[in-house]
Every structure is written in C-alpha cells, then in structure tokens.
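# Per-entry structural report
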Amino acid sequence: MTKARRRFEVRQIQPRDFHWLKDFDCAPLTIERDSIYLFFCVHFRDTSFVAYDSESQRAVGFVLGFVPAGSSHAYVHYLFVEESIRKHGIGRALMGQFCDAAHNLGATTTCLYTIRESKFYQGLGFTHHCGPFDTSLARYVADVKGAHLMTATLPLSSPPVRYLCP
Ligand SMILES: CC(C)(COP(=O)(O)OP(=O)(O)OC[C@H]1O[C@@H](n2cnc3c(N)ncnc32)[C@H](O)[C@@H]1OP(=O)(O)O)[C@@H](O)C(=O)NCCC(=O)NCCS
C-alpha cells in the first residue's frame, strides 16, 4: 500500500495559535516573549502566517511580521519551521505569503536580522543591507549580537506558494 503524501498549507494566524506557538518555543516562555507572541496573534494577523498539515491540521511552522502604519518598510520578527519538516519549501512559502501581504499593504522593502540563516534569505532575494536603519545600528547588530541585517525589495521575484507536497 502506498503511503499518502503529506500536504501542507499556509493560512493567516489566529489568536488561538498562541497556544502552540509558545509550545514550539520552549514553553513556559518568559513574559516578554509571551506578550510579543500574543501581539502578533491578535494585532498583526494580516502579516503573520501559519503552515499546517492539511490532514491533521497540526501546525508545523510560522512567520510573524508586520508593516508599521504609514510605513513602506515591513519587518519579519521571527520565522520558524519544525525541524523534522525542514528543507521542503515551507519556510519559503511562509516568507512568500508574508512578503505578498506586506506588499499589498504598501510595503516596498522588508527587513530582518538573522544570526545563522543568511544563505536561506539570500536564496529568497535578501541582501546584506541595513534597509531603513543607519549603519551604526547595523554595526551594533553585527558586533554585539553576531547577527546580520538583511533587506529585500518587494514584491519578491518568486511568487508565494500556498500548497506544498514534500
Ligand atoms: C530557516 C528556516 C525557517 C528554513 O525553513 P525551511 O522550510 O527549511 O526552508 P525551505 O525548505 O523553504 O528552503 C528554501 C530554500 O532555502 C534553502 N535553505 C533552507 N535552509 C537553509 C540553510 N540553513 N542554509 C542554506 N540554504 C537553506 C533550501 O535548500 C531551499 O533551497 P531551494 O529553493 O534551492 O531548494 C528553518 O531552517 C528554521 O526554522 N530554522 C530555525 C529557526 C530560524 O533560524 N529562523 C530564522 C530566524 S531569523
């Protein structure tokens, strides 16, 4: 008997997603992280997404991002894909949905900082550029945090994918 392939979809985040978001990220969280996740699940739903297994409905990853009111710069706060299901296009699909939503809200660039995943973001079209931040902030992020500020122009050249079958 052939095993059915798992199918993954991406949808907008919902307030109830907070419960598994915190479980992914080593619950119980510090109060600061709790409140940040709550803000995204409630107030930044237009630009935050969840990837889930369409059969079991189980979440496997998320992206939390926002566009400040009246700004043309979007920001990614955090992107995460469950370890067992990485390298199947889910991170790309989540980022695609976020960038598409941010562009629809008027953003022309998006910025983030990353410690280890520069190559992944370069593959999506991000470059090492400090975006709306000045170079002293970029230096702080690099020297003190060991991270890189990266920026991409929107829309991304590759269109977002909604349905994935690894
Ligand atoms: C970074 C992360 C979200 C990537 O998710 P993913 O689902 O594995 O990524 P995808 O499968 O969509 O990868 C898209 C492309 O990037 C490549 N890629 C993925 N991870 C990579 C890595 N660490 N280094 C280099 N390339 C990578 C893939 O091979 C794929 O290339 P292709 O399109 O040529 O086939 C995931 O590794 C993760 O959750 N890491 C831990 C949390 C984290 O570090 N988040 C980022 C915080 S800034």
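Per chain, residue numbering runs from 1 following the sequence as it is written. In keeping with the predicted nature of the model, local features appear solely for residues at pLDDT of at least 70, side-chain atom pairs appear and are counted solely at 80 or more, and the whole-chain, interface and lining totals rest on all residues.

### Notes on the overall build of the chain
Just so we agree on the cut-off: Working definition: helices are DSSP H or I runs of at least four residues, strands are E runs of at least two. Numbering for both runs from the N terminus. Just to be clear, the radius of gyration here is over C-alpha atoms, and the globule rule we use is 2.2 Å times residues to the power 0.38. Exposed residues have 12 or fewer other C-beta atoms within 10 Å of their own C-beta, buried residues have 20 or more, and partly exposed residues fall in between, where C-beta atoms are placed from the backbone. By definition, residue pairs are in contact when their C-beta atoms, positioned from the backbone, come within 7 Å.
Counting its regular elements, the chain contains 5 helices and 7 strands. Along its sequence from the N terminus, the chain presents helices and strands in the succession β-α-α-β-β-β-α-β-α-α-β-β. Relative to the compact-globule value of 15 Å for 166 residues, the chain shows a C-alpha radius of gyration of 16 Å, a close match. For the C-alpha atoms alone, the extent of the chain along its principal axes is close to 60 × 40 × 30 Å. The burial tally for the chain puts 30% of its 166 residues in the buried class. Counting contacts in the chain only where the partners sit at least 6 residues apart, residues at least 24 apart contribute 68% of the total.

### Topic: the site of the ligand
As a reminder of what qualifies: Any residue whose C-beta atom, as set from the backbone, lies within 6 Å of a molecule or strand is reported as near that molecule or strand. Gly is placed with the polar residues, together with every amino acid not listed as nonpolar (Ala, Val, Leu, Ile, Met, Phe, Trp, Tyr, Cys and Pro) or charged (Asp, Glu, Lys and Arg).
In the vicinity of the ligand, 16 residues are found, and the nearest of them are Arg86, Gly91, Arg92, Thr114 and Lys119. Among the secondary structure elements, those contributing two or more residues to the shell around the ligand are strand S4 (73–81), helix H3 (90–104) and helix H4 (118–124). Split into classes, the residues belonging to the shell around the ligand amount to 5 nonpolar, 5 polar and 6 charged.

### Thoughts on the pairing of S4
Formally: Pairing between two strands requires that DSSP report at least two bridges joining them.
As paired strands, strand S3 (residues 59–66) and S4 are joined by 6 bridges and run antiparallel to one another. Within S4, the position partnered with Phe62 by the bridge is Phe80. Adjacent in sequence and paired antiparallel, S3 and S4 are bridged by 6 residues, among which Gly70 carries a positive phi angle near 75°. The pairing of S4 with strand S5 (residues 109–114) spans 3 bridges and is parallel.

### Points about the nonpolar core
Filter applied, for reference: Think of a nonpolar core as buried Ala, Val, Leu, Ile, Met, Phe, Trp, Tyr and Cys residues, each tied to the set through C-beta atoms within 7 Å.
Core analysis: the largest hydrophobic core is formed by 38 residues, its most contacted members being Phe49, Ala51, Phe62, Val63, Leu94 and Phe98. With 8 residues, H3 is the largest single contributor of residues to this core. Aside from chain neighbours lying at most four places away, what touches Phe62 is Ile13, Leu21, Phe49, Val50, Phe80 and Leu94.

### Details of unusual backbone geometry
Across the junction of Leu154 and Pro155, the peptide omega takes the value 0°, indicating a cis bond. Non-glycine residue Lys87 carries a positive phi angle of around 65°.

### Quick word on the pairing of S5
Spelled out, the test is: Place the viewer so that the strands point away; then a crossover is right-handed whenever the path from the first strand over the helix to the second strand goes clockwise.
The parallel pair S4 and S5, bridged by H3, forms a crossover whose chirality is right-handed. Note: S5 against strand S6 (residues 148–153), 6 bridges, orientation antiparallel. Each residue of the ladder has a partner; that of Cys111, found in S6, is Thr151.

### So, the environment of His77
Assignment of secondary structure puts His77 in strand S4. As for His77 and His88, which are separated by 11 residues in sequence, their C-alpha atoms are 22 Å apart. In this structure, His77 is in contact with Phe40, Leu64 and Gly65, ignoring residues within four places of it in sequence.

### A closer look at the environment of Leu164
Following the sequence through the fold, Leu164 ends up in strand S7 (residues 163–164). Separated by 35 residues in the primary sequence, Leu164 and His129 place their C-alpha atoms 30 Å from one another. Each residue touching Leu164, except ones within four places of it in the same chain, is listed here: Phe8, His88, Gly89, Ile90 and Ala93.

### Observations regarding H3
Applied cut-off: In a helix, the anticipated span is given by 1.5 Å times the number of residues less one.
For H3, spanning 15 residues, the distance from its first C-alpha to its last is 21 Å, which sits close to the expected 21 Å at 1.5 Å a residue. Judged by how many residues are buried, H3 sits mostly within the fold: 11 of 15 residues are covered. For H3, every residue scored as buried is listed here: Ile90, Gly91, Ala93, Leu94, Met95, Gly96, Gln97, Phe98, Cys99, Ala101 and Ala102. Note on H3: the residue one or two positions beyond its end, Gly106, has a positive phi of about 105°.

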